[in-house]
Amino acid sequence: MALTQDGIMEVPGLLSRYVRLASGCKAHYVTAGETGPSVLLLHGGIPGSSGIAGWRYMAPFLGANGFRVYCPDFPGYGLTGQYEDAYPPDEAGHVDFLHDFVTTMCLDKFHISGNSMGCTNSVNYVTAHPERILSYALIAGSIGDIVPTAELIGRDSRSASERPNLAAFDGSAGSMRALMEAIILDPSKITDDLVSMRTTIANMHSPHYLEKRMHAAMGQVALDSALRLSTKGRFDKMTIPGIYLYGTKDVLFPHTVAGYAQEDALPNVQFFYPEETGHQGQTDQPELFNRVFLEFFRDGKVTWETAQAAGISTRRPALPGLVSLPDTVTA
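Nothing here was measured: the structure is a model prediction, and the numbers come from that model.

**Here's the deal with the overall build of the protein**
Here is step 1: If you tally the helices and strands in the protein, you get 13 helices and eight strands.
Here is step 2: Its C-alpha radius of gyration of 19 Å places the protein within 12% of the 20 Å reference for a compact globule of 331 residues.
Here is step 3: Its C-alpha atoms give the protein principal-axis dimensions of roughly 55 × 45 × 40 Å.
Here is step 4: Among the 331 residues that make up the protein, the fraction classed as buried is 54%.
Here is step 5: Restricting the contact set of the protein to residue pairs at least 6 apart, pairs at least 24 apart contribute 70%.
Here is step 6: Averaged over its 25 positive side-chain charges, the protein has a centre that lies 3 Å from the centre of its 35 negative ones.

**With respect to the packing of aromatic side chains**
Here is step 1: With the rule as written, the count across this model stands at 14 aromatic pairs.
Here is step 2: For the ring pair Y87 and F97, a centre distance of 5.7 Å and an interplane angle of 90° mean the geometry is edge-to-face. Taken together, the residues Y87 in the loop between strand 4 (68–72) and helix 3 (91–104) and F97 in helix 3 connect sequence positions 10 residues apart. When sorted by exposure, Y87 lands in the same class as F97, which is buried.
Here is step 3: The interplanar angle of 85° and the centroid separation of 5.4 Å between the aromatic rings of Y260 and Y273 together place this pair among those described as edge-to-face.

**Brief notes about unusual backbone geometry**
It is generally the case that most residues other than glycine have a negative phi and that most peptide bonds are trans.
Here is step 1: The phi angle at Q82 is positive, at roughly 55°, despite the residue not being glycine.
Here is step 2: Following the sequence through the fold, Q82 ends up in the loop between strand 4 and helix 3.
Here is step 3: On the basis of relative accessibility, which here comes to 47%, the residue Q82 falls in the partly exposed class.
Here is step 4: The phi dihedral of S116 is positive, around 60°, even though this residue is not glycine.
Here is step 5: Within the element layout of this structure, S116 appears in the loop between strand 5 (110–115) and helix 4 (117–128).
Here is step 6: Judged by relative accessible area, S116 falls into the buried class, the value being 17%.

**Some details on the nonpolar core**
Here is step 1: The biggest cluster of nonpolar side chains holds 103 residues, and the ones touching the most others in it are L40, V69, F101, I112, F235, F272 and F293.
Here is step 2: Sort the elements by how many residues they give to this core and helix 12 (residues 286–299) lands first, with seven residues.
Here is step 3: Leave out the neighbours within four places in its chain, and I112 touches L40, L42, L98, S122, Y125, V126, I133, S135, Y136, A137 and F297.

**Points about the pairing of strand 7 (residues 242–245)**
Here is step 1: Burial of strand 7 is two-sided: the residues G242 and Y244 facing one way and the residues I243 and L245 facing the other way are all buried.
Here is step 2: Here strand 6 (residues 133–139) pairs with strand 7 via four bridges, running parallel. For L138, the partnering residue across the bridge sits in strand 7 and is Y244.
Here is step 3: Looking at chain direction, strand 7 and strand 8 (residues 269–272) are connected through four bridges and run parallel. From the neighbouring strand, I243 faces strand 8, where its bridge partner is Q270.
Here is step 4: Note that the unit made of strand 7, helix 10 (residues 255–265) and strand 8 has a crossover that is right-handed.

**Focus on the pairing of strand 6**
The two faces of the sheet receive side chains in turn, since in a regular strand these alternate between them.
Here is step 1: Most of strand 6 is tucked away: six of the seven residues are buried.
Here is step 2: Bridging between strand 5 and strand 6 involves five bridges; their strand directions are parallel. By the bridge assignment for strand 6, G114 is matched with L138.
Here is step 3: The parallel pair strand 5 and strand 6, bridged by helix 4, forms a crossover whose chirality is right-handed.

**Side note on the side chain of T199**
Here is step 1: Turning to its location among the elements, T199 is positioned in helix 7 (residues 192–204).
Here is step 2: Given the relative accessible area of 9%, T199 is considered buried.

**Points about the packing of helix 3 against helix 4**
Here is step 1: Direction vectors running N to C along helix 3 and helix 4 enclose 70°, while the axes themselves pass 10 Å from each other. Overall, the two elements helix 3 and helix 4 adopt an arrangement that is roughly perpendicular. Taken as a pair, helix 3 and helix 4 cross one another with a handedness that is right-handed. From helix 3, E91, H94, V95, L98, H99 and V102 reach across to helix 4, where they touch M117, T120, N121, N124, Y125 and A128.
Here is step 2: Here the contact of helix 3 with helix 4 is composed, by residue class, of six nonpolar, five polar and one charged.

**Quick look at the UniProt feature "domain: AB hydrolase-1" (unreviewed entry) in the protein**
Here is step 1: Mapped onto this structure's residue numbering, the UniProt feature "domain: AB hydrolase-1" (unreviewed entry) falls at residues 39–143.
Here is step 2: As a span, residues 39–143 carries 35% helix and 21% strand, and end to end its C-alpha atoms are 20 Å apart.

Rules used in this analysis
Residues numbered from 1 in each chain as written. Predicted model: local features only at pLDDT ≥ 70, side-chain atom pairs only at ≥ 80, totals over all residues. Heavy atoms only, no water. Helix = DSSP H or I, 4+ residues; strand = E, 2+ residues; numbered from the N terminus. Rg over C-alpha atoms; globule rule 2.2 N^0.38 Å. Buried < 20%, exposed > 50% of the residue type's maximum accessible area, 1.4 Å probe, protein only. Contact = heavy atoms within 4.5 Å. Lys, Arg positive; Asp, Glu negative; His and termini not counted. Charge placed at Lys NZ, Arg CZ, Asp CG, Glu CD. Phe/Tyr/Trp six-rings, centres within 6.5 Å; stacked < 30°, edge-to-face > 60°. Core = buried A, V, L, I, M, F, W, Y, C linked by side-chain atoms within 4.5 Å. Pairing = 2+ DSSP bridges. Right-handed = clockwise from strand over helix to strand, strands pointing away. Axes fitted to C-alpha atoms, helices over the stretch in contact; angles between N-to-C directions. Parallel < 35°, antiparallel > 145°, perpendicular 65-115°, else oblique. Left-handed = near helix turned anticlockwise from the far one by under 90°. Nonpolar A, V, L, I, M, F, W, Y, C, P; charged D, E, K, R; others polar. UniProt positions renumbered as here; feature names shortened; annotations may be inferred.

Structure below.
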């Protein structure tokens, strides 16, 4: 791989595109595939994140296997620009950005997935606009006030100093590599091109990260927005087909803390705990995650063989509507 003229990684099968949203924001996205159902893949929230950084393995694969894939860069990330006056630097702003994006792209119905912040954005969007969603797949993130982050911190036996500091980026490539090592288990996936791209992009958006922190610290989330983003009693009651993958080597929150708590709160979602998988599982285990997503988005179910390889949860019976069970297994 190499960096393009725009300073992003060149990935076979991915096309770099821009679209002007009604808000005035100049949204950047990468896309793959020309026909078939649409799939929206949402990146995480660590500085330097982008659609191409988060989905460079899965997006071309799904595009080559019958889907039209879209990976937008959220405000403050990737090459998306002119967003400062369009969206507030919070989750409500992300929901509005995403709705403007899919509306502009004429995506009336689609599958959706997200990792980390992208998981949160997926949950918020599904809750706000369930009529648009065919199915969803989540990877290692928050599910809002169903299981608040503060509650997970309380359940985590580690001290604050023992948990990764995802705000430790200081503008250098070295600090960016350290961030990547916290979320990606496989060091071979942390290439020089990836570090260079993410460092440049993160520095480009540094004012946004400062504004985002100040916005959160000052509690500038209006009551109406907080109510709008509430997922409790809403997302957990959804019947839209959904699966959730949480790596057993995730260092942000151990799967036994966050994964189990979220599984207990989401009875209609099939959970998987893939081994040798960190926070950005689709990068650590691209072949496995690609297989799971292809089967689920294409067939509506994950085969039993794939489910076992992905570490299907044994904490409760498998959901037969989401996993093809063999005759020897009962739901």
